Amino acid sequence: MKIFLPSKYYALDFRFLYHLKFNNPIVYTTYQYFFDRISHSICVSLIMDLCILFNKKEKFSLERLCNKIIQDYAESELNKYLSLDDFSLLCLPLKEDKLNSIVTKIKNTRNEYYAHLDRIRTPFESIQITSKEIDELISVAELFIKQVELTYFGKDVRFDLSDSELVYKFVNHLEEWNKYREKYGLLKYP
């Protein structure tokens, strides 16, 4: 959860900031350097977190969790609530070829561009990740976590943000500030 939640929210924030230059060009151009730095930071964090969630070599990956639970299923408390076959079906989307292809792109992006800055790199265009691919990863992780939470803990969890937690509220305040500044000028302190 501590890795998944930021990933989901980073993806939402990144999408919003990407579209900001088209949906609200005045605010974007006024604060362009700030928004570009924030977008880059969010992108790096998103790639790092998704790599942790989906790279099977990572200690906290979902696939590694599935393998560990399946290996020790007889001793697991989960076996009281969910059959091994049902749990294996729940883990199946984590091993799909399409998902593995996206994970490979994420690992290459992390390894060659964000974590190590390798001298010889895969051309960025060939490993560029689309928002649709990010959404696929987020949705697979979200479905897995929701199902485990519901089955094992009896909780129906929702990962939606409130309006005040979304980035667009911040941008709305900046837009109001720009309108005020245009009308009255900058505030001056004595």
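Our subject is the structure that appears above.
Let me sum up the structure you'll find in this document. All values reported here derive from a predicted model rather than from experimental measurement.

Reading guide: rules and limits
Residues numbered from 1 in each chain as written. Predicted model: local features only at pLDDT ≥ 70, side-chain atom pairs only at ≥ 80, totals over all residues. Heavy atoms only, no water. Core = buried A, V, L, I, M, F, W, Y, C linked by side-chain atoms within 4.5 Å. Buried < 20%, exposed > 50% of the residue type's maximum accessible area, 1.4 Å probe, protein only. Helix = DSSP H or I, 4+ residues; strand = E, 2+ residues; numbered from the N terminus. Contact = heavy atoms within 4.5 Å. Expected span 1.5 Å × (residues − 1). 1 Å grid on protein atoms, 1.4 Å probe; cavity = no way out; pocket = protein on both sides within 12 Å on 5 of 7 lines; lining within 4 Å. Points joined across faces, edges and corners; volume = space filled by probe spheres on them. Nonpolar A, V, L, I, M, F, W, Y, C, P; charged D, E, K, R; others polar.

## Side note on the nonpolar core
Counting 34 residues, the largest nonpolar core has Leu-50, Phe-54, Phe-87, Ile-106, Leu-137 and Phe-144 as the members making the most contacts within it. Listing elements by their share of this core, those giving two or more residues are helix H1 (4-23), helix H3 (32-54), helix H4 (62-71), helix H5 (84-91), helix H6 (97-115) and helix H8 (131-153). Ranked by the residues each element gives to this core, the list is headed by H8, at eight residues. Among all residues touching Phe-144, those that are not within four sequence positions of it are Leu-62, Leu-65, Cys-66, Phe-87, Leu-90 and Cys-91. Counting residues in hydrophobic clusters, the runner-up holds nine residues, among them Leu-17, Leu-20, Val-171 and Leu-174.

## Description of H3
Taking 1.5 Å of rise per residue, the 23 residues of H3 would be expected to cover 33 Å, and the 32 Å separating its terminal C-alpha atoms lies within 8% of that figure. Phe-35, Ser-39, Ile-42, Cys-43, Val-44, Leu-46, Ile-47, Asp-49, Leu-50, Cys-51, Leu-53 and Phe-54 are the residues of H3 that are buried.

## Describing the environment of Cys-43
If you trace the backbone, Cys-43 turns up in helix H3. The sequence separation of Cys-43 and Phe-14 amounts to 29 residues, and the corresponding C-alpha distance is 6.9 Å. Setting aside its immediate chain neighbours within four residues, Cys-43 contacts Phe-14 and Tyr-114.

## Focus: empty space enclosed by the protein
Applying the stated rule across the entire model yields one cavity of 30 Å³ or more. Its volume calculated, the largest cavity comes out at about 40 Å³. Forming the boundary of the largest cavity are Leu-53, Phe-54, Leu-62, Glu-63, Leu-94, Leu-99, Asn-100 and Val-103. At the level of elements, H3, H4 and H6 are the ones that each hand at least two residues to the lining of the largest cavity. When residues of the lining of the largest cavity are assigned to their parent elements, the largest contribution, three residues, is made by H6. Split into classes, the residues belonging to the lining of the largest cavity amount to six nonpolar, one polar and one charged.

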